[in-house]
Structure formats: C-alpha cells, structure tokens
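Architecture at a glance
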Amino acid sequence: MFTGIVECMGKVVEFTQLDTTAAGGNGASLAISEAQSILDDCHLGDSIAINGTCLTVTEFTKDTFKVGLAPETLSRTNLGKLQPGDPVNLERALAAGHRFGGHFVQGHIDSTAEIIEITPEDNSIWYKLRVDDAKLMPYIIPKGFIAVDGTSLTVCDVNDDECWFTIMMIAYTQTHVVMPTKRVGQQVNIEVDMLGKYVEKVTTSILRGNSESDGSGTSSYIEKIVKRVINKE
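Below is a summary of the structure that appears in this document. (Residues numbered from 1 in each chain as written. Predicted model: local features only at pLDDT ≥ 70, side-chain atom pairs only at ≥ 80, totals over all residues. Heavy atoms only, no water.)

In total, this model carries zero aromatic pairs according to the counting rule given. One Lys or Arg, lysine 128, reaches over the ring of tryptophan 164 and ends 4.2 Å from the middle of that ring. (Phe/Tyr/Trp six-rings, centres within 6.5 Å; stacked < 30°, edge-to-face > 60°. Lys NZ or Arg CZ within 6 Å of the ring centre and 35° of its normal.)

Within the fold, threonine 151 resides in strand β10 (residues 151–159). Once residues lying within four places of it in the same chain are set aside, the contact partners of threonine 151 are Gly4, Val6, Asn89, Ile146, Thr173 and Val177. (Helix = DSSP H or I, 4+ residues; strand = E, 2+ residues; numbered from the N terminus. Contact = heavy atoms within 4.5 Å.)

Right, let's get into the state of the cysteines. The tally for this structure, following the rule as stated, stands at zero disulfides. Free cysteine cysteine 156: the closest other cysteine sulfur is in cysteine 163, separated by 18 Å. (Disulfide = S-S within 2.5 Å.)

Mapped onto the elements of the fold, isoleucine 118 is located in strand β7 (residues 111–121). Dropping the residues within four chain positions of it, isoleucine 118 is found in contact with Ile125, Trp126, Tyr127, Lys182, Arg183 and Val184.

Leu129, Phe165, Met179 and Ile190 are the most contacted members of the largest nonpolar core, which has 24 residues in total. Secondary structure elements with two or more residues in this core: β7, β8 (124–131), β9 (145–148), β10, β11 (164–169) and β12 (187–192). Of the residues forming this core, the biggest block, four residues, is contributed by β8. Counting 20 residues, the second-largest nonpolar core is a separate cluster that includes Ala28, Ile48, Leu55 and Leu90. (Core = buried A, V, L, I, M, F, W, Y, C linked by side-chain atoms within 4.5 Å. Buried < 20%, exposed > 50% of the residue type's maximum accessible area, 1.4 Å probe, protein only.)

Evaluated as defined, the whole model comprises 10 salt bridges. Among the ionic pairs, arginine 92 bridges to aspartate 40, the shortest N-O distance being 3.4 Å. Taken as a pair, arginine 92 in strand β6 (residues 87–92) and aspartate 40 in the loop between β2 (27–33) and β3 (47–50) lie far apart in primary sequence, 52 residues in all. Among the ionic pairs, glutamate 72 bridges to arginine 76, the shortest N-O distance being 2.5 Å. Of this pair, glutamate 72 and arginine 76 are both found in helix α1 (residues 71–76), four residues apart, which corresponds to roughly one turn of the helix. (Salt bridge = Lys/Arg side-chain N within 4 Å of Asp/Glu carboxyl O.)

Quick look at a nonpolar patch on the surface now. A contiguous nonpolar patch, built from Met1, Leu94, Phe100, Phe104, Leu195 and Tyr198 and spanning about 550 Å² of accessible area, is present on the exposed surface. Residue position: phenylalanine 100 is located in the loop between β6 and β7. Among the residues examined, phenylalanine 100 registers a relative accessible area of 32% and is labelled partly exposed. (Patch = residues over 30% accessible without salt bridge, like charges linked within 9 Å, V, L, I, M, F, W, Y side chains within 5 Å. Areas by Shrake-Rupley, 256 points an atom, 1.4 Å probe, with all protein chains shown as cover.)

Moving on, we get to the side chain of serine 33. Turning to its location among the elements, serine 33 is positioned in strand β2. If near-sequence neighbours (up to four positions away) are discounted, serine 33 is found in contact with Gly10, Lys11, Val13, Asp63 and Thr64.

Okay, the environment of glutamate 191 next. Along the chain, glutamate 191 falls in strand β12. Overall, the relative accessible area of 2% leaves glutamate 191 in the buried class. Distance from glutamate 191 to glutamate 72, taken between C-alpha atoms, is 15 Å for residues 119 residues apart in sequence. Every residue in contact with glutamate 191, bar those within four places of it in the chain, is listed here: Gly52, Val105, Gln106, Gly107, His108, Asp110, Ile146 and Ala147. Within polar-contact distance, the side chain of glutamate 191 engages the backbone nitrogen of glutamine 106 at 2.8 Å. (Polar contact = N/O pair within 3.5 Å; in protein donor to acceptor, adjacent residues only side chain to side chain.)

Set out below in structure tokens:
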C-alpha cells in the first residue's frame, strides 16, 4: 500500500528486455539510481513504487536498486518506454504508524493516459489527460483522487464522452515529481481510486444477487426498499 506522496525522484540506469542475471530472473528488469534516500532500510523483496507501479526489489546497493517487470506490467504501464537518464517517481510501501498524507494507492496501474494539453496559470500548471481505457471513466470524478505516475492528485474537470480529465499541479509538487519534465503526447500511468471499484463491486453483487434469486431484477429491489421506508413511517 502506498499514499501517492512521492519520496524522491530517481533516475533510470538501464531497462533490460531479457535480464539473465540472478536479479533479473530471465525476464525484463529496470535499474534505478539516485535512490539513496529510500534505500537505508531496504531489504530484498521490499516493494517500491516506480511511477506508481508497485515492484519488488531484487538487488540493491546504497544508491541503486533493480526490479523485475512482468509482461502484464509492461503492457499496462509506461515503464517499458523509459530510457537511461529518465527521471522516475519513487515511493516506498507505507510503514505502519506513519502519517497518511495522500490517498489509498495500491500501485496496481489501471492504464495509461496521454497528456493532451499543458497550460500554466500563475505558478501552477493545468494538465489535461486523455485516458486510454474508456472503461475507467466512471471511477474518475471531479474532486476525487487519482494517482498519476504515482502522484496523488485531485481531479478537477471530467469529460466522460471524450475520455479526458484535468488536474492542477501547485509549484511545490512541480519540483518534487516527474510530471513537469513531460511533454504533450507522452504517456503517464494512472490508477483510479480503488474505493470506487469496491463500491461498484459490492452494489453490483447485491443487485445481481437479488435478480438471480427471484428473477425480479433491479426495479423490484428498489420497490422493496421504498416499501420498507413507507411501512416504517
């Protein structure tokens, strides 16, 4: 579990498509440097989010570490497009007893989004992003949470039909995350608020369960609720 409060920015050393070393595990791997501030208590097997993606540490030194990348990770994120020297957001898994400053972030990327507009306003920056997977739009709501490359941000505007949303980034955040280094047309990782997914799952199960039990469907379920309220009155 993460919070979306980026601890530091690291730098890509190498992306290897087929890493035959013990740490690479005969799969894709990613090596990150300039991470000394989050490695003082690191252990093999620890979770570190890179651009919002929860990954397992397979090797580390005092200022670098390596993670493995599964095919699913490469297909859903922008990590496979990273080049040596690219900055990345880094966050360790949340430790018990620490202040929770962002929102619940799993590190399980839902999809990517394309930056389609960048508009400065005073010392802040507006970003408009088009979501690659339209099925995610119901979970993106005005003033709701969203993680963009692992950064906890507040959604401002939403257009469900055109599959875009906006966020505004304050000056302090601009100096502590990778977003300002990106250009229009580039991809970012997004994770929608997981609480919305759980609410949908539970309510859908309730409605389907009622329908399957007596064949009455959602309308009958609502009628029963209304009758209960009337009877109580």
